[in-house]
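Observations on the three-dimensional arrangement
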Amino acid sequence: MSATSVIGLQWGDEAKGKIVDLLTEEHDLVVRYQGGNNAGHTVVADGETYKLSLIPSGILHDSVISVIATGVVIHPQALLKEIDGIVARRGAVEGRLLISDRAHVIFPWHMLEEAALEKNRRDEAIGTTKRGIGTCYRDKAGRTHAIRVGDMYRSETFRSRIGEIVEFKNIVLKAINPDVEPLDADAIFEEYSEYARRLKPLVIDTTAYLHHALDEGKRLLFEGAQGSLLDLDHGTYPFVTSSNSSGCGVHSGSGVSERVIGRMLGVAKAYTTRVGGGPFPTELDDEIGQHIRDTGNEYGTVTGRPRRCGWFDGVATRYGARLSGVDGIVIALLDVLSDLDELKICEAYEIDGERTTDFPSHVDALAKVKPIYRTLPGWKTDITGVRKTEDLPAAARGYIDTLAEIIGSPVHIVSVGPDRLQTIFYNK
Ligand code: IMP
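The paragraphs below set out a description of the structure included in this document. By convention here, each chain's residues receive numbers from 1 onward along its written sequence. A pLDDT threshold of at least 70 governs which residues receive local features in this predicted model, and a stricter bar of 80 or more applies before side-chain atom pairs are shown or counted, although totals over entire chains, interfaces and linings include all residues. Note that the side-chain values use all heavy atoms of the structure and ignore hydrogens as well as water.

Below, the discussion takes up the overall build of the chain. Helix numbers and strand numbers start at the N terminus; a helix is a DSSP run of H or I with at least 4 residues, a strand a run of E with at least 2. Within the chain, the secondary structure is distributed over 12 helices and 20 strands. Every radius of gyration here is taken over C-alpha atoms, with the globule rule written as 2.2 Å times N^0.38, N being the number of residues. Here the C-alpha atoms of the chain give a radius of gyration of 22 Å, agreeing with the 22 Å that 2.2 N^0.38 yields for 428 residues. Projecting the C-alpha coordinates of the chain onto the three principal axes gives extents of approximately 65 × 50 × 35 Å. With a 1.4 Å probe rolled over the protein chains alone, any residue whose accessible area is under 20% of its type maximum counts as buried; one over 50% counts as exposed, and the rest are partly exposed. Across the 428 residues of the chain, 55% fall into the buried class. In the form shown here, the chain has an accessible surface area of approximately 17,800 Å², with 49% of it arising from carbon and sulfur atoms. The convention is simple: Lys and Arg are positive, Asp and Glu are negative, and His and the chain ends are not counted. Taken as the charge centre is NZ of Lys, CZ of Arg, CG of Asp or CD of Glu, depending on the residue. Looking at charge distribution, the chain has the averaged site of its 49 positive side-chain charges lying 1 Å from that of its 61 negative ones. Accessible areas in this description were obtained via Shrake-Rupley with a 1.4 Å probe; residue shielding takes into account the shown protein chains only.

Definitions used for this entry: grid spacing 1 Å over protein atoms alone; cavity, a set of points where a 1.4 Å probe fits but cannot get out; pocket, an open set with protein on both sides within 12 Å along at least 5 of 7 lines; lining residue, one with an atom within 4 Å of a point. Grid points are joined across faces, edges and corners, and a volume is the space filled by probe spheres set on the points. Its boundaries defined by the atoms lining it, the second largest pocket holds a volume of some 250 Å³. Forming the boundary of the second largest pocket are N37, K51, S53, A78, K81, E82, R131, T301 and V302. When residues in the lining of the second largest pocket are grouped by element, the largest group, 3 residues, is from helix α2 (residues 76–90). Classifying every residue of the lining of the second largest pocket by side-chain character gives 2 nonpolar, 3 polar and 4 charged. Residues are grouped as follows: Ala, Val, Leu, Ile, Met, Phe, Trp, Tyr, Cys and Pro are nonpolar; Asp, Glu, Lys and Arg are charged; all remaining types, including Gly, are polar.

The subject of this paragraph is the side chain of Q422. Looking at the element boundaries, Q422 is found in the loop between β19 (411–415) and β20 (423–425). Two residues form a contact once any of their heavy atoms are found within 4.5 Å. Not counting the four nearest positions on each side in its chain, Q422 is found in contact with K18, T384, R387, V414, S415, V416 and G417.

Moving on to the pattern of salt bridges. We count a salt bridge whenever a side-chain nitrogen from Lys or Arg sits within 4 Å of a carboxyl oxygen from Asp or Glu. On inspection of all chains with the given rule, the structure shows 25 salt bridges. The residue E14 makes a salt bridge to K16 at a minimum N-O spacing of 2.7 Å. Here E14 matches K16 in class, with each residue buried. Here R263 and E26 are joined by a salt bridge, their closest N and O atoms 3.1 Å apart. Of the two residues, R263 sits in strand β11 (residues 261–269) while E26 sits in the loop between α1 (16–24) and β2 (29–32), which places them 237 residues apart along the sequence.

Turning next to the environment of G17. You can see G17 is positioned in helix α1. Judged by its relative accessible area of 3%, G17 is buried. Residue contacts for G17: discarding those within four places in its chain leaves H41, V43 and S57.

This part is about the packing of aromatic side chains. Put simply, two rings from Phe, Tyr or Trp (the six-membered ring, in Trp's case) pair if the centres are within 6.5 Å, and we call them stacked under 30 degrees between planes, edge-to-face over 60, tilted for the rest. In total, this model carries 9 aromatic pairs according to the counting rule given. Geometrically, the ring pair formed by F107 and W109 is stacked, given 4.6 Å between the ring centres and 5° between the ring planes. Linked through ring pairs, F107, W109, Y192 and Y195 together constitute an aromatic cluster. Charge over a ring is defined by NZ of Lys or CZ of Arg lying within 6 Å of the ring centre and within 35 degrees of the ring normal. Against the face of Y50 rests R89, its NZ or CZ located 4.1 Å from the ring centre.

Looking now at helix α6 (residues 185–199). Counting along an α-helix, one turn takes 3.6 residues, and residues three or four places apart therefore face a common direction. Between its first and last C-alpha atoms α6 spans 21 Å; for 15 residues at 1.5 Å apiece the expected length is 21 Å, and the two agree. For α6, the set of buried residues is A185, I188, F189, Y192, Y195, A196 and L199. One face of α6 carries all of its buried residues, which in axial projection span an arc of 130°. When the buried face of α6 is taken as reference, the exposed residues oriented beyond 90 degrees from it are E190 and R197. The span you would expect from a helix comes to 1.5 Å times its residue count less one. Here, the arc refers to the directions that run from the helix axis to the C-beta atoms.

Let us now look at helix α9 (residues 287–295). Here α9 has its buried residues at G289, I292 and R293. The arc enclosing the buried residues of α9, seen along the axis, measures out at 100°, which places them on a common side. Those residues of α9 that are buried are in contact with β13 (308–310). At the C-terminal side of α9, N297 shows a positive phi close to 50°.

For strand β15 (residues 328–332), the tally of buried residues reaches 5 of 5 residues, placing the bulk of the element in the interior. Of the two faces of β15, the one carrying G328, V330 and A332 and the one carrying I329 and I331 are both buried. When DSSP finds two or more bridges between two strands, those strands count as paired. Pairing of β11 with β15 involves 5 bridges; the strand directions are parallel. The residue bridging G266 from the neighbouring strand is I329, located in β15.

Quick look at the site of the ligand now. Not every one of the 15 residues close to the ligand is listed here, only the nearest: D13, N38, T129, T241 and R305. In this structure, an oxygen atom belonging to the ligand sits 3.4 Å away from a main-chain N or O atom of G127. T241 is positioned with one of its side-chain polar atoms (N or O) 2.6 Å from an oxygen atom of the ligand. Here the ligand has 470 Å² of accessible area as a free molecule, and 96% of this is covered by the chains. Here the shell around the ligand is composed, by residue class, of 6 nonpolar, 7 polar and 2 charged. When we say a residue is near a molecule or strand, we mean one of its heavy atoms is within 4 Å of it. Whenever two N or O atoms come within 3.5 Å, that pair is a polar contact, provided that in protein one can donate a hydrogen and the other can accept it, and provided that, for residues adjacent in sequence, both atoms are side-chain atoms.

Here it is in structure tokens:
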């Protein structure tokens with residue numbers, strides 16, 4: 001079994017990019033298979049900082065092929081901007097980056113529709129990234145008003161499809177936002193034809209490509225975007241993203257059976273963060289929360305929004321780990337907690353007077369839970385220079401071991417800073 005999968009176990013932003021970057025050397029291909037430019041990760045390589053969104057971080061390794069597979073939704077402008085940034089700093093991407101012809105394309109109507117829907121929502125806003133991700137996936141599922149990457153190379157049908165969709169979207173957009181300017185089908189066709197022309201050398205049937213790569217014994221690394229609790233089917237619906245961002249999405253998004261995955265690594269922060277709306281039982285709306293935000297630089301890579309911060313939620317993370325079927329855990333950003341006198345870990349929830357370790361299926365129930373905490377001592381010392389388990393303070397090891405016990409899975413890696421070197425292979 002030649003594949004590894006890296007999955008976020010919380011509400012996204014678990015520092016998966018660094019872990020994927022670290023594991024890339026042991027692999028031949030890195031595959032991104034869901035989400036779009038709602039995701040963002042920062043990777044520090046060779047002392048330089050890269051902010052990537054659609055392109056897998058494998059692109060920072062010259063010998064590795066990066067694949068944007070079928071389940072991703074592609075905003076061509078965003079992708080080309082990212083490609084231009086990589087080309088300027090690391091050279092041509094041809095032969096190193098492949099894009100699925102089955103992936104769906106994000107158009108201007110997706111963003112406009114999403115903005116109006118979020119604004120008009122009577123309940124708490126989902127707090128989306130406003131990138132047109134959900135509206136694109138909705139059209140994908142609806143089938144009648146969707147365009148895939150491969151459709152852009154069939155110019156006759158591409159033009160007529162845009163015409164038909166724009167006619168319909170102009171009616172919908174006017175109804176949900178009377179101030180909106182009507183879209184111009186010709187202009188969109190011209191603009192997207194140019195994007196298609198530029199992307200053409202990278203576009204292939206990635207599913208067939210991945211199947212051949214497996215036949216040849218190539219080692220695949222799957223890079224999940226967002227986190228398990230934002231999974232469309234299994235997360236905190238409706239405060240979720242529109243794809244399967246838990247381990248459940250690897251198969252459907254890539255076209256590669258999960259049976260080839262030999263190692264499923266779940267990444268969790270040493271605390272919890274969330275961006276956007278929805279319940280968050282361990283949220284800290286106080287100076288400790290602000291301390292975590294400032295120390296961990298908890299501001300969105302894509303939108304710049306301050307992230308909501310809180311104690312480690314063992315119930316939620318254990319649920320994420322079980323959904324994804326992880327073999328081992330990565331604990332990221334442990335160093336962010338170094339200044340705190342004591343630390344709390346939520347080990348169970350109390351709902352209507354009952355103790356449970358099951359994650360509620362409805363957000364109304366999640367909004368009502370009271371976290372039951374275990375309190376541990378802090379280590380109060382800088383750990384960013386530690387490279388071996390035995391050099392970690394006893395309190396830090398106690399904290400990590402407690403997380404492993406509550407999640408129910410062994411810790412394989414601990415990250416104590418953004419650099420590749422700031423990594424501890426735990427108990428190795
Ligand atoms: P959407 O994916 O833009 O539709 O946003 C839906 C929800 O997912 C919102 O709460 C976003 O803040 C959240 N979300 C989407 N992408 C990410 C991510 O990469 N990290 C953290 N949260 C995300």
